[in-house]
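Take a look at the letters that make up each chain.
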Amino acid sequence: MIKITNLHKSFGKNKVLKGVDLLFDKPGITAVLGPNGSGKTTLIKCLLGMVIPNDGEIYVDGKNVARQWAYRDQIDYLPQIARFPENLTVKELLKMIKDLRPRKADDQRLIQLFELEPFLDKKLGNLSGGTRQKVNIVAAFMYDSPILVLDEPTVGLDPVAMIQLKELIWEEKAKGKTILLTTHIMGFVEEMADDIVFLLEGKIHFNGSLKGLKKQYGQPTLERTIAEILKQSKVVISEAVISEAVNSKVVISEAVISKAVNSEAVINEAVNSNQEKALITNNCSTNH
Amino acid sequence: MLKILKYSIFDLMRSRWTYIYCGFYLLLTMSFFWLSTDLSKTIISLMNVILVLIPLIATMFGVMYFYNSREFAELLLAQPIKRIHIFLGQYLGVAISLSLSLLIGVGAPFIFYGVFGSGEIWNYMVLLMVGVFLSFIFSAIAFYIALKNENRIRGFGLAILAWLFFAIIYDGLFLLALAGFSDYPLESFAMGASFFNPIDLSRILILLKLDVSALMGYTGAVFQKFLGSSIGISVAILSLFFWVLLPTFGIYRASVRKDF
């Protein structure tokens, strides 16, 4: 259903994705995990065509999505930060989205589920973070598309809304959808996800089932597993940093020494030439 | 794209800045009429103000609107909508509502003072047309600059610089060049140079239409001498069209490549 090959993206000098290959061909929930700045959101935004990759291809339903737009009708997207036009009311926003994407939308049920009726005529700029996120969820879940992309869906939700969200996601999974989600709450992943994609420094560190991941690192919970992965990778990183630092220090000190030697030579030369000059002037004055 | 245009215009109709802008032109035109009842003189006085102010306001409005509607754009980007339609829709929304404010602000007093049935009707139409052209050109330049710059302060700075360049610096450089090379024949240079500045082109266009040789200046005179009034006017209008297309193409290129 979704195929990503050799995806590269850098923002200026910052290389965020360094060759990502992924395949989501069966329905189910895949959690894209990784530390902050590992490229999760960039990967999702590439899939949606919001970020344009430097290299590599993305296929949705076998079609390359580069510069395409119609395929986005297959995807429901929940953005990480609910950024809405501030001066619209909730009602107007939902009406506008429905107007822009004229397809059967089931927003009434979701509004009731999240108890958003009292907020329908309030401006989006005046809503609390949690309520905004609920509006965000309604806007993403009201369509019935085969692919669902959720970027940090749990931000700001209270426990009641959290349970409702989980049930909603399970419901969508039961319909046979392909669901991608990112989150930092490992408990949520353990409860929801079938498969895990672990991104580290722009590359895929692990891609497989949740059980397989825990087994590979021999840890009882996902949280510990992730901590273990990060610890191991950090050891590798710090070793690299140290060896680099040592090397550069050696280079620097060599450079300093050679410079010092050189400058000594220069000083000697200068002293010599000055003495010569002095001699010459002395000679001149005696000649006169 | 029409839907996005519709929402942009709705959004701008709610903004008080649109009304302030419209009210300002209303006040300005009324006060010129109050100072003199001669339609032709009023048109010339208005021209001088409009040629500087429309580009400034269109530039500021364009940059401001783009940065303020980023959330809206991000929301739209995830929908099955062509990217270029989002930004073209927003740009046209700004340009059209600016033009409407101008038409109402400058138009209403003229109708009130009886422009219909007077001989000045066409001169007045040219004034409005130039105003609409300048609104479209400078809001497109502003959108292009804003699309290219993620940093708002930088975007605003560059937009003001662009306005300053076309409104003031360009003329200064032009005069310097004329003074520096006064020993050479400069007619074709002067004419060529005026094509590169939409504000100059607009000024020439209005003065050719009004046929006021005293105010025409060097380039205007050259235009009239080489092309005659009617061809001169057509060439100027054509170039203004080109000036709308150029930054619009820039918006297309920048929006296709941008990351959000």
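In the block above lies the structure referred to throughout.
Residues numbered from 1 in each chain as written. Chains lettered and ligands numbered in written order. Predicted model: local features only at pLDDT ≥ 70, side-chain atom pairs only at ≥ 80, totals over all residues. Heavy atoms only, no water.

A. How the structure looks around the overall build of chain A. Per the secondary structure count, chain A includes eight helices and ten strands. Evaluated residue by residue, chain A yields a buried proportion of 42% over its 288 residues. Excluding contacts between residues fewer than 6 apart, the proportion of contacts in chain A whose partners are at least 24 apart in sequence is 68%. Accessible surface for chain A amounts to roughly 15600 Å². Of this, 55% is attributable to carbon and sulfur atoms. (Helix = DSSP H or I, 4+ residues; strand = E, 2+ residues; numbered from the N terminus. Buried < 20%, exposed > 50% of the residue type's maximum accessible area, 1.4 Å probe, protein only. Contact = heavy atoms within 4.5 Å. Areas by Shrake-Rupley, 256 points an atom, 1.4 Å probe, with all protein chains shown as cover.)

B. Examining the interface of chain A and chain B more closely. Each partner contributes residues to the interface: chain A has 28 residues there, and chain B has 24 residues. Carbon and sulfur atoms make up 55% of the surface buried where chain A meets chain B, a total of about 2400 Å² over both sides. Contact with chain B buries area across many residues of chain A, yet M50(A), R83(A) and L100(A) alone supply 28% of it, more than any other trio. Inspection of the chain A/chain B interface yields four salt bridges. (Buried area = accessible area lost by both parts, 1.4 Å probe. Salt bridge = Lys/Arg side-chain N within 4 Å of Asp/Glu carboxyl O.)

C. Region of interest: the pairing of strand β7 (residues 147-151) of chain A. Residue and element names in this part refer to chain A. Burial of β7 is extensive: five of the five residues sit out of reach of the surface. The side-chain alternation of β7 yields two buried faces, one formed by I147, V149 and D151 and the other by L148 and L150. Bridge analysis of β7 against strand β8 (residues 178-182) gives five bridges, and the strand direction is parallel. Within β8, the residue paired with D151 across the bridge is T182. A crossover connection joins β7 to the parallel β8 through helix α5 (residues 159-174); in handedness this β-α-β unit is right-handed. (Pairing = 2+ DSSP bridges. Right-handed = clockwise from strand over helix to strand, strands pointing away.)

D. Spatial organisation of the pattern of salt bridges. Summed over the entire model, instances satisfying the criterion amount to 24 salt bridges over all chains. Among the salt bridges present, the one from D259(B) reaches K9(A), with a minimum N-O distance of 2.6 Å. Pair noted here: D259(B) is in the segment after α10 (213-257) and K9(A) is in strand β1 (residues 2-11), and the two residues belong to different chains. Assessed through its relative accessible area of 5%, K9(A) is described here as buried. Between D107(A) and K98(A) there is a salt bridge; the shortest N-O distance is 2.8 Å.

E. A look at the packing of aromatic side chains. Residue and element names in this part refer to chain B. Counted by the stated rule, this structure contains 19 aromatic pairs over all chains. Ring geometry for F165 and Y170: centres 5.8 Å apart, planes at 80 degrees, overall edge-to-face. Under the relative-accessibility criterion, F165 is labelled partly exposed at 32%. A relative accessible area of 12% places Y170 in the buried class. Judged by centre distance (6.1 Å) and plane angle (20 degrees), the rings of F174 and F189 are stacked. Taken together, the residues F174 in helix α7 (residues 152-180) and F189 in helix α8 (residues 187-195) connect sequence positions 15 residues apart. A relative accessible area of 11% means that F174 is categorised as buried. Residue classification places F189 among the partly exposed residues on the basis of a relative accessible area of 40%. Aromatic ring contacts, followed pair by pair, group F66, Y67, F87, Y91, F136, F143, F156 and F260 into a single cluster. (Phe/Tyr/Trp six-rings, centres within 6.5 Å; stacked < 30°, edge-to-face > 60°.)

F. Focus on α5(A). All names here are of chain A. Here α5 contains 16 residues, and its C-alpha end-to-end distance of 23 Å stays within 8% of the 22 Å for a straight helix at 1.5 Å per residue. Taken residue by residue, α5 has A161, M162, Q164, L165, K166, L168, I169 and E172 as its buried positions. Just downstream of α5, G176 is the residue with a positive phi angle, here 85 degrees. (Expected span 1.5 Å × (residues − 1).)

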